[in-house]
Amino acid sequence: MSEFNKAPGLVLLPAVDVAGGKAVRLTQGKAGTETHHGDPVDAAADWISQGAEWIHLVDLDAAFGRGSNLAVIKKVIRQAKGVNVEVSGGIRDDASLETALDSGAKRINLGTAALENPEWAAHVIARYGEAIAVGLDVRGTTLAARGWTEDGGDLWQVLDRLEEAGCARYVVTDVTKDGTLKGPNVELLRQVMERTSRPVVASGGISSLDDIAELRALVPLGLEGAIVGRALYAGAFTLAEALDVASD
């Protein structure tokens, strides 16, 4: 049984996205839309102090293929003692995967590699099981790859393939919602959950405590968690308030 399944309600994963060594937030995943939020270690520590049990940690430079923040990623994980960290961004081969796992990450989110290198992704899923999640980043029903800059195929075809490979978990992001504070794409989440018995984590668009309550209502259908980013940084609510709603 996974750590998520042991917890009641909806598990929240505050996001720490790293670019140029700093914590940033993007709008719809687009380079150049960054808002800056200081030291990633401090950002993670803030969420942990408010009760976070997971941190969603993203190396945006690695995702865009323009560099790496590995030293910062490792520092965040070292400082986040007693808290689970899932790492995403630029993990596309054995070397980058091993490096991420060796850093102390509890779970790795595969993105582009799961779309462009199906055989490798299937091998990794079979070998590492619960330690691997696959990010399904979607515009409409078309997947987005390479830092959301290229098309990555049809959502349903890829999902069928990942199901056959035995993928343990999916992180579903509506790219058009991410960083916009316009609410999550509940219909997309419902459609994905209808096609898999695996747990699903929602990402993108959360703007209010009402959004979190709406997502919590999907837990019986298979929604396990939700990644929260811009709303927290913008002060729309505190993580402590959100955790109260998510566990209600």
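1. Brief notes about the environment of Asp59
Phase 1: Note that Asp59 resides in strand β4 (residues 54-59).
Phase 2: Using a relative accessible area of 5% as the deciding quantity, one classes Asp59 as buried.
Phase 3: For the pair Asp59 and Ile91, spaced 32 residues apart in sequence, the C-alpha to C-alpha distance is 9.6 Å.
Phase 4: When near neighbours in sequence (up to four residues on either side) are disregarded, Asp59 contacts Val18, Ser68, Asn69, Leu70, Ile73, Ser88 and Gly89.

2. Comments concerning helix α2 (residues 40-49)
Phase 1: Turning to α2, its buried residues are Pro40, Val41, Ala43, Ala44 and Trp47. Looking straight down α2, one finds that the buried residues subtend no more than 160° of arc, so they occupy a single side. Structural note: α2 exposes Asp42 and Ser49 on the side pointing more than 90 degrees away from its buried face.
Phase 2: The backbone nitrogen of Val41 has a side-chain oxygen 2.8 Å away, supplied by the residue at the start of α2, namely Asp39.
Phase 3: Just past α2, the residue Gly51 takes up positive phi, approximately 115°.

3. Describing helix α9 (residues 186-195)
Phase 1: Along α9, the positions that sit buried rather than exposed are Val186, Leu188, Leu189, Val192 and Met193. Seen from one end, α9 has its buried residues packed into an arc of 160°, which puts them on one side.
Phase 2: Structurally, α9 contributes buried residues whose contacts are with β7 (132-139), α8 (155-165), β10 (170-174), β11 (200-203), α10 (209-216) and β12 (223-228).

Rules behind the numbers
- Residues numbered from 1 in each chain as written.
- Predicted model: local features only at pLDDT ≥ 70, side-chain atom pairs only at ≥ 80, totals over all residues.
- Heavy atoms only, no water.
- Helix = DSSP H or I, 4+ residues; strand = E, 2+ residues; numbered from the N terminus.
- Buried < 20%, exposed > 50% of the residue type's maximum accessible area, 1.4 Å probe, protein only.
- Contact = heavy atoms within 4.5 Å.
- Arc of directions from axis to C-beta.
- Polar contact = N/O pair within 3.5 Å; in protein donor to acceptor, adjacent residues only side chain to side chain.

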